[in-house]
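Chain by chain, the residues:
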Amino acid sequence: MALKAKMIVDKDFKIADVDERIYGSFIEHLGRAVYGGVYEPDHPQADENGFRQDVMELVKEINVPIIRYPGGNMVSAYNWEDGVGPKSERPKRLELAWRTIETNQVGTNEFVDWSKKVNAEVMMAVNLGTRGIDAARNFIEYCNHPGGTYWSDLRRQHGYEQPHNIKTWCLGNEMDGPWQVGHKTAEEYGRLALETAKAMKLVDDRIELVACGSSNTDMPTFPQWEATTLEHTYDAVDYISLHQYYGNRDDDTANYLARTMDLDHFIHTVISTCDYIKAKKRSKKTINLSFDEWNVWYHSNEADRRIEPWSVAPPQLEDVYNFEDALLVGSILMTFLRHADRVKMACMAQLVNVIAPIMTENGGAAWKQTIFYPYAHVSAYGRGTSLQPVVSSPKYDSKAFTDVPYLDTAVVYDEEKEEVTIFALNRHLSEDLSLQCDVRSFEGYGIREHIVLEHEDLKAVNTAQEQRVQPHTKGKSTIRDGVIEAVLPQASWHVIRLAKHA
């Protein structure tokens with residue numbers, strides 16, 4: 001018997017407007033993300049500031065609205081002052097998180113310049129590992145104060161007359177992780193984060209602040225860390241962070257593609273924790289979620305163990321992604337859309353070379369990894385209002401999950417453009433899925449395009465020489481009397497775009 005799924009999409013079944021910042025990303029001073037990734041002065045495609053223009057074009061193709069910087073683990077022992085001023089005077093430092101040499105040839109001002117070129121805002125992180133209140137208040141004064149003070153005038157001396165006006169700031173990174181330089185208990189972090197937040201908002205009361213949540217759901221302190229942290233910081237911050245990476249180490253694809261069930265549970269748990277503290281404090285304020293690190297990460301683990309310590313920009317965390325990874329990335333993005341009421345920011349970690357959708361060769365080509373495509377699709381067509389579809393789908397059980405629907409989906413309605421986009425994943429590894437979708441509330445709409453990402457080999461990868469995995473627009477779907485009939489081939493990603501007839 002053929003697999004069949006049904007869904008109803010109604011314009012009145014609204015979850016929330018999508019905050020475009022859920023399509024954010026992350027650049028850390030790690031591996032070849034900066035040096036050899038976004039910045040390579042000797043490259044034939046480098047601009048006058050040393051930034052690779054081929055990389056910039058690929059970043060602009062994804063349309064990334066916000067980029068987290070400079071870390072990550074690296075920020076917990078980073079002195080921001082090392083990365084400003086004349087490049088010839090910048091110190092080389094031992095970078096303790098990844099045990100490399102940091103040359104500091106790219107720093108705050110250069111990154112702000114680059115971000116403007118790719119049309120992105122900066123999500124800046126401050127060091128709450130080895131440093132704290134004083135460095136953070138000086139840093140935001142350097143970045144955001146107009147002038148007439150020591151640090152703001154120093155920025156002007158460095159060639160930046162106008163302030164950067166960076167709006168979003170992270171209060172440290174993964175501070176519950178024992179691997180973190182300056183690791184803290186929840187009580188220690190909560191107190192420091194609160195006092196740092198207060199000082200930063202005294203300098204600039206327009207900013208938004210992100211408090212550190214747990215490093216992942218396997219942390220023994222989760223979710224008590226979130227609760228304790230928010231006990232201290234609730235009135236001073238706007239978001240709490242979530243981090244999560246997934247892998248398929250045991251080569252069980254059915255279980256791997258079900259991992260967004262875990263992601264959904266993670267998000268629900270953090271929302272519940274935030275709302276518990278809200279109730280406890282009798283607050284009218286709601287804390288939203290910043291999922292500021294997420295991706296697939298497991299392919300490069302073995303290679304990273306062989307890297308020589310204290311080298312400059314070695315190839316670290318360079319996962320080569322396959323087709324099934326792209327399917328999971330699409331599923332993760334759809335999960336964020338279904339939580340658009342609370343997940344307001346998210347950053348795929350990372351953007352170039354380091355567990356990234358974009359890869360480069362030093363001195364050579366830049367190309368799209370398999371995961372580039374669902375990320376670019378959802379960023380392009382997932383802006384508007386997230387709708388709650390009513391879904392009836394056959395289900396399966398995997399090693400770690402029960403009742404996993406074969407159909408994974410999310411829907412976005414752009415009322416202004418009069419467009420509806422249905423994102424869909426068929427998780428079945430050997431059978432097509434027939435989909436019937438009732439869209440009668442969108443009278444006069446027709447199918448504009450049906451994009452498909454599919455491949456007969458789940459392990460197929462893209463290289464500089466060959467793009468084996470790339471989308472096509474030959475999807476099988478029709479619409480009649482407001483009902484879509486579509487066929488979703490086995491293990492495939494779909495973007496069904498509807499538009500109102502002129």
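Residues numbered from 1 in each chain as written. Predicted model: local features only at pLDDT ≥ 70, side-chain atom pairs only at ≥ 80, totals over all residues. Heavy atoms only, no water.

**Quick word on the layout of surface pockets**
Line of reasoning, step 1. Roughly 370 Å³ of internal volume is contained in the largest pocket.
Line of reasoning, step 2. For the lining of the largest pocket, the residue count by class is 9 nonpolar, 6 polar and 3 charged.
Line of reasoning, step 3. Estimates place the volume of the second largest pocket at around 310 Å³.
Line of reasoning, step 4. Taken together, 16 residues line the second largest pocket, and the ones lying closest to its centre are R338, P405, L407, D408 and T409.
Line of reasoning, step 5. Broken down by secondary-structure element, the contributors of at least two residues to the lining of the second largest pocket are α8 (260-280), β16 (390-392) and β19 (407-414).
Line of reasoning, step 6. Across the lining of the second largest pocket, the residue classes break down as 5 nonpolar, 6 polar and 5 charged. (1 Å grid on protein atoms, 1.4 Å probe; cavity = no way out; pocket = protein on both sides within 12 Å on 5 of 7 lines; lining within 4 Å. Points joined across faces, edges and corners; volume = space filled by probe spheres on them. Nonpolar A, V, L, I, M, F, W, Y, C, P; charged D, E, K, R; others polar. Helix = DSSP H or I, 4+ residues; strand = E, 2+ residues; numbered from the N terminus.)

**Section: the sheet that holds strand β7 (residues 121-126)**
Line of reasoning, step 1. Taken in spatial order, the 8 strands of this closed barrel run β3-β4-β7-β8-β9-β10-β11-β12, and their pairing is parallel. Taking the axes of each pair of neighbouring strands and ignoring which way they run, one obtains an average angle of 30° across the sheet.
Line of reasoning, step 2. Across 4 bridges, β7 lies against strand β8 (residues 168-171) in parallel orientation. Within the sheet, the bridge partner assigned to A125 lies in β8 and is C170. (Pairing = 2+ DSSP bridges. Axes fitted to C-alpha atoms, helices over the stretch in contact; angles between N-to-C directions.)

**Some words on the pattern of salt bridges**
Line of reasoning, step 1. In the structure shown here, the tally under the stated rule is 34 salt bridges.
Line of reasoning, step 2. When the shortest N-O distance is used, the salt bridge between R468 and D457 registers 3.6 Å. With R468 in the loop between β22 (445-453) and β23 (476-480) and D457 in the loop between β22 and β23, this pair connects stretches of sequence that are 11 residues apart.
Line of reasoning, step 3. Classification of R468 as partly exposed rests on a relative accessible area of 34%.
Line of reasoning, step 4. Bridged by salt links that share partners, the residues E419, R448, E449 and R497 form one connected network. (Salt bridge = Lys/Arg side-chain N within 4 Å of Asp/Glu carboxyl O. Buried < 20%, exposed > 50% of the residue type's maximum accessible area, 1.4 Å probe, protein only.)

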